[in-house]
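Descriptive analysis of the structure
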Amino acid sequence: MKILIISGARPQFIKLAPIIDEILQNDEFELYQLHTGQHFDENMSKIFFSELNIPLPDSNLDINRGTHAELVGRMLIEIEKILIEQKPDAVLVAGDTNSTIAGGLAAVKLQIPVIHLESGLRSFDYRMPEEINRRLTDHLSSLLITTSSTATETLISEGIKESWIFQTGDTMVDGILNNLDRAVEGSKMLTNLGLEEKDYLLLTLHRQENVDDKERLKAILETLNELNYKIVYPIHPRTMNRIQHFELGYLLKSENFILTDPLGYLDFIQLEKHAKMILTDSGGIQKEALTLKVPCITLRDNTEWVETIEQGTNILAGAEKEKILAAVTYFNNRINLEKIKWDNPYGDGTSSKVMVQEILKRFKEDKLTIPTHYMIE
Ligand code: UDP
């Protein structure tokens, strides 16, 4: 089976790495990796291939500047050319970025079956570009891989046939569990930053709705300045750009912040593992926090990862000062920490293996085909 995998952004390299690893170990696959170039800095792209021992992509489109329409439009044109040349049996896309929708759309228009990893997630918020991308990609896919029963039920309620869905765990959990020892023992991050275990918070921020809105970004940074904690903050290039543009750099000058460039995966995992709490607007980090049993405060108004909220590992605090401070106070209380359910709803680290076997099985049984009769009968 010839499979063409499309990636472009940091979380995709991480969630696809365990799958690529499985595919490379199986002689029945031929793999072609296509990188759209969405993320291009060394520490937002290349480092993940070297740290995770994944071969570099076969081609890189280097598409990373412009509006959403310009990016998706150019990706569509270039991805189509490669699909025509490579003639894969299926295209695998992951998550919810512009690379995901562009890859899925280019493939299905050429009648190449699309496999969508992380299907069925919804924030029910069309202000988020990610929600548009993930919803449309689900509805053009032939095999929809979900990570929870909530996601499976969402797809069924939207008219997707149950036989097109395959539910298993999450490959980001595979990634973190399989690399934890290496990260905890190998990384020197804690020592280099002069930190002790559990005496700091870890922050990431990059969602468009937080960082493109000056007032919202300012409110978050002002609130973080009020906390009595050291806050390690690896700054995403997009956010750095916005902070400079809005002239908010003064809010990062206090003693609270320990600023770094975006970090490699192993260094970042070490910081996650030993943080007292994680504050983030990332999708993946909410799951990683649960996996590492570290309380998470999500700086968004909604989340697709509803299980983390239900189990009490994660609190939605938006950008509101009172909510953020209350969440920190809540997780500071030992009695509250004891109420948290830490068992992992996203699998035990073996999901990629199961997924790759399922893909091959469906292909061999001639079930990986373009959907017809897509409405509920
Ligand atoms: N990550 C990393 N270095 C960093 C910040 C994050 O390796 O400096 C990893 C993190 O462990 C997780 C992924 O990047 O696996 C999350 O990516 P991101 O937050 O960019 O995207 P999202 O998950 O929100 O789509």
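First, a word on scope: everything that follows refers to the structure included in this document. (Residues numbered from 1 in each chain as written. Predicted model: local features only at pLDDT ≥ 70, side-chain atom pairs only at ≥ 80, totals over all residues. Heavy atoms only, no water.)

Quick notes on the sheet that holds strand S11 (residues 277-280)
Taken in spatial order, the six strands of this open sheet run S10-S9-S8-S11-S12-S13, and their pairing is parallel. Each edge of the sheet is formed by a strand with only one pairing partner; in this case those strands are strand S10 (257-260) and strand S13 (314-316). Pairwise comparison of adjacent strand axes, ignoring direction, gives a mean angle of 20° for this sheet. In terms of strand pairing, strand S12 (residues 296-298) meets S13 through three bridges, oriented parallel. Residue pairing in the sheet places Cys-296 in a bridge with Asn-314 of S13. Packed on one face of the sheet, helix H12 (residues 265-274) meets strand S8 (200-204), strand S9 (230-234) and S11 and runs near 130° to S8. (Pairing = 2+ DSSP bridges. Helix = DSSP H or I, 4+ residues; strand = E, 2+ residues; numbered from the N terminus. Axes fitted to C-alpha atoms, helices over the stretch in contact; angles between N-to-C directions. Contact = heavy atoms within 4.5 Å.)

Structural notes on the packing of aromatic side chains
The geometry of an aromatic ring pair is captured by the separation of the ring centres together with the interplanar angle, meaning the angle of the planes. Inspection of the entire model under this criterion finds four aromatic pairs. With 6.4 Å between their ring centres and 50° between their planes, Tyr-233 and Phe-257 make a pair best called tilted. One end of the pair, Tyr-233, is in strand S9; the other, Phe-257, is in strand S10, with 24 residues separating them in the sequence. On the accessibility criterion, Phe-257 (8% relative accessible area) is buried. (Phe/Tyr/Trp six-rings, centres within 6.5 Å; stacked < 30°, edge-to-face > 60°. Buried < 20%, exposed > 50% of the residue type's maximum accessible area, 1.4 Å probe, protein only.)

A look at the pairing of strand S2 (residues 30-35)
In the sheet, strand S1 (residues 2-7) pairs with S2 via six bridges, with the strands oriented parallel. Each residue of the ladder has a partner; that of Lys-2, found in S2, is Glu-30. Note: S2 against strand S3 (residues 59-60), two bridges, orientation parallel. Directly across from His-35, in S3, lies its bridge partner Asn-60. In the classification by handedness, the crossover that spans S2, the intervening helix H2 (residues 46-51) and the parallel S3 is right-handed. (Right-handed = clockwise from strand over helix to strand, strands pointing away.)

Brief notes about the packing of helix H1 (residues 10-24) against helix H7 (residues 171-186)
At a minimum axis separation of 8 Å, H1 and H7 run at an interaxial angle of 80°. As judged from the angle between their axes, H1 and H7 are roughly perpendicular. Packed against H1, whose contacting residues are Pro-11, Ile-14, Lys-15, Pro-18 and Ile-19, the element H7 presents Thr-171, Met-172, Asp-174 and Gly-175 at the interface. In the contact of H1 with H7, the residues fall into five nonpolar, two polar and two charged. (Parallel < 35°, antiparallel > 145°, perpendicular 65-115°, else oblique. Nonpolar A, V, L, I, M, F, W, Y, C, P; charged D, E, K, R; others polar.)

Comments concerning the packing of helix H4 (residues 98-109) against helix H5 (residues 129-138)
For the pair H4 and H5, interaxial distance at closest approach is 8 Å and the crossing angle is 25°. When the axis of H4 is compared with that of H5, the two are roughly parallel. For the crossing formed where H4 meets H5, the hand is left-handed. Across from Asn-98, Thr-100 and Ile-101 in H4, the residues of H5 making contact are Asn-133, Leu-136 and Thr-137. (Left-handed = near helix turned anticlockwise from the far one by under 90°.)

Brief notes about the sheet that holds strand S7 (residues 165-167)
On the basis of which strands lie adjacent, the open sheet formed by seven strands has the order S3-S2-S1-S4-S5-S6-S7 and parallel pairing. A single partner strand is all that each edge strand has here, and the edge strands are S3 and S7. As paired elements, strand S4 (residues 90-94) and strand S5 (residues 114-117) share four bridges and run parallel to each other. Considered in S5, the bridge of Val-91 is made with Val-114.

Re the side chain of Thr-280
With respect to the helices and strands, Thr-280 occurs in strand S11. A polar atom in the side chain of Thr-280 sits 3.0 Å from the backbone nitrogen of Ser-282. Among all residues touching Thr-280, those that are not within four sequence positions of it are Thr-204, Ile-285, Gln-286, Cys-296, Ile-297, Thr-298 and Leu-299. (Polar contact = N/O pair within 3.5 Å; in protein donor to acceptor, adjacent residues only side chain to side chain.)

So, the site of the ligand
Taken together, 19 residues lie around the ligand, and Leu-263, Ser-282, Gly-283, Gly-284 and Glu-288 are the ones closest in. Contact distances for the ligand include 3.5 Å between an oxygen atom and a side-chain N or O atom of His-206. In this structure, Gly-283 approaches the ligand through a main-chain N or O atom, which is 2.8 Å from an oxygen atom. In isolation the ligand has 540 Å² of accessible area, and contact with the protein removes 97% of it. Of all elements in the fold, only H1, H12 and helix H13 (284-291) reach the threshold of two or more residues within the shell around the ligand. The residue inventory of the shell around the ligand, partitioned by class, reads 10 nonpolar, five polar and four charged. (Near = heavy atom within 4 Å. Areas by Shrake-Rupley, 256 points an atom, 1.4 Å probe, with all protein chains shown as cover.)

What about the environment of Glu-304?
Tracing the chain through its elements places Glu-304 in the loop between S12 and helix H14 (306-310). Distance in space between the C-alpha atoms of Glu-304 and Thr-150 is 9.7 Å, their sequence separation being 154 residues. Setting aside residues up to four positions removed in sequence, Glu-304 forms contacts with Leu-121, Arg-122, Ser-123, Met-128 and Arg-134.

Brief notes about the nonpolar core
The biggest cluster of nonpolar side chains holds 52 residues, and the ones touching the most others in it are Met-1, Ile-3, Phe-29, Ile-115, Leu-271 and Ile-359. Looking at which element gives the most residues to this core, the answer is H1, with seven residues. Ignoring any residue separated from it by four or fewer positions in sequence, one finds Leu-271 in contact with Met-189, Leu-190, Leu-193, Leu-195, Tyr-200, Leu-202, Val-232 and Leu-263. Ile-220, Leu-251, Ile-297 and Ile-324 belong to the second largest nonpolar core, which has 31 residues in total. (Core = buried A, V, L, I, M, F, W, Y, C linked by side-chain atoms within 4.5 Å.)

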